[in-house]
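The primary structure of each chain is shown beneath.
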Amino acid sequence: MKKRYLEAGKIVNTHGIAGEVKILPWADGPEFLLDFKTLYIDGQPMELRSARVHKNCVLAKLASIDDINQAMKLKNKVVCIDREDAALEEGAFFLADLIGLEVKEADSGQILGAIAEVLTPPASNVYVVRGGEQEHMIPAVDEFILETNIEQGYLLVRLIEGM
């Protein structure tokens, strides 16, 4: 079952004295967070009054946070979004939805296990697949990933020797 609220970043600092916070986003880019009207912190909705990109972060002004002292209380808090508020492009998905997907090898039909973790190094994501005592690290590129079917709960892959 897909989680409704997804972790989208972390408040890493304050900005200025008027209560702005600096959010390090956990998305493809900081622009993603600019489209939301509400963020969730500790399960509580917080209206996003304004937001702008600054370097690789988002500077955000949240409703009811009016000074640096209030903003300091939010430092190191995880920011969540409601998946219902997200407009994803066709074929796009949240990395959180991959966790637990069954991974099948296309040629042999063998079940390799399930996605346990998604690593996000700069080049491309890497899916960590665990099954029994086996662990596979599969780069998330077209050469290896043939089909990602979130709705039916599987990932179809083609491995090369040594993976």
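Note that residues are indexed from 1 along each chain, following the sequence as it is written. Predicted model: local features are reported for residues with pLDDT of at least 70 only, side-chain atom pairs are reported and counted for 80 or more only, and whole-chain, interface and lining totals are derived from all residues. The basis for the side-chain values is all heavy atoms of the structure; hydrogens and waters are excluded.

Chemist: Help me understand the overall build of the chain in this model?
Modeler: In this text, helices come from DSSP runs of H or I with a minimum length of four residues, and strands from runs of E with a minimum of two, each type numbered from the N-terminal end. Within the chain, the regular secondary structure consists of one helix and twelve strands. Along the chain, helices (α) and strands (β) appear in the sequence β-β-β-β-β-α-β-β-β-β-β-β-β when read from the amino end. Reported as C-alpha extents along the three principal axes, the dimensions of the chain are approximately 60 × 30 × 25 Å. Looking at the chain as a whole, 36% of its 163 residues qualify as buried. Under the scheme applied here, a residue whose accessible area is under 20% of the maximum for its type counts as buried, over 50% as exposed, and between as partly exposed, the area being computed with a 1.4 Å probe on protein chains only.

Chemist: For this particular structure, what's the right way to read the sheet that holds strand β3 (residues 38–41)?
Modeler: Strand pairing in a sheet is mediated by backbone hydrogen bonds. Such pairs are either parallel or antiparallel. Ordered in space as β1-β2-β5-β4-β3-β6, the six strands form a closed barrel in which the pairing is antiparallel. Pairs of neighbouring strands in the sheet enclose a mean axial angle of 50°, with direction left out of account. Bridge analysis of strand β4 (residues 44–54) against strand β5 (residues 57–62) gives six bridges, and the strand direction is antiparallel. The residue of β5 that forms the bridge with A51 is A60. One bridge is not enough; two strands pair if DSSP finds at least two bridges between them. To get an axis, a line is fitted to the C-alpha atoms, and for a helix only the part in contact is used. The angle between two axes follows their N-to-C directions and goes from 0 to 180 degrees.

Chemist: Sorry if this is basic, but what is going on with a nonpolar patch on the surface here?
Modeler: Like-charged residues within 9 Å of one another, or nonpolar side chains (Val, Leu, Ile, Met, Phe, Trp, Tyr) within 5 Å, are grouped into patches, provided each residue has over 30% relative accessible area and no salt bridge. The Shrake-Rupley method, run with a 1.4 Å probe sphere, supplies the accessible areas, and residue values consider only the shown protein chains as cover. When a carboxyl oxygen of Asp or Glu is within 4 Å of a side-chain nitrogen of Lys or Arg, the pair counts as a salt bridge. A contiguous nonpolar surface patch, about 290 Å² in accessible area, is contributed by I17, I68 and M72. Looking at the secondary structure, you find I17 in the loop between β1 (5–15) and β2 (20–25).

Chemist: Would you take a moment to explain the sheet that holds strand β11 (residues 145–149) for this structure?
Modeler: Pairing in this open sheet of six strands is mixed, and the strands run β10-β9-β8-β7-β12-β11 from one edge to the other. Unpaired on one side and paired on the other, β10 (134–139) and β11 mark the two borders of the sheet. On average, each strand axis in the sheet is tilted by 30° relative to the strand beside it, whichever way the strands run.

Chemist: Even after reading the chapter, I still don't get the side chain of D82, so can you show me in this structure?
Modeler: Topologically, D82 is positioned in strand β6 (residues 78–82). Here a polar contact is recorded for every N or O atom pair within 3.5 Å, except that within protein the pair must consist of a potential hydrogen donor and a potential acceptor, and residues adjacent in sequence are included only if both atoms are side-chain atoms. Among the polar contacts made by the side chain of D82, one reaches the side chain of R4 at a distance of 2.7 Å. Setting aside residues no more than four positions away along its own chain, D82 makes contact with R4, Y5, F36 and Y40. Should any heavy atoms of two residues lie within 4.5 Å, those residues are considered in contact.

Chemist: What is the right way to read the packing of aromatic side chains from this model?
Modeler: Geometrically, a pair of aromatic rings is defined through the distance of the ring centres and the angle of the planes. Classification of ring pairs uses Phe, Tyr and Trp, with its six-membered ring standing for Trp, and accepts pairs whose centres are within 6.5 Å; under 30 degrees between planes counts as stacked, over 60 as edge-to-face, and the remaining range as tilted. If you walk through the whole model with that rule in mind, you get three aromatic pairs. Ring geometry for F32 versus F36: centroids 5.2 Å apart, planes at 65°, classification edge-to-face. We classify F32 as partly exposed; its relative accessible area is 23%. Judged by relative accessible area, F36 falls into the buried class, the value being 5%. Ring plane angle 75° and centroid distance 6.5 Å describe the contact between F32 and F94, whose orientation is recorded as edge-to-face. Of this pair, F32 sits in the loop between β2 and β3 while F94 sits in the loop between β6 and β7 (102–105), placing them 62 residues apart in sequence. Put simply, the rings of F32, F36 and F94 pair up and form one aromatic cluster.

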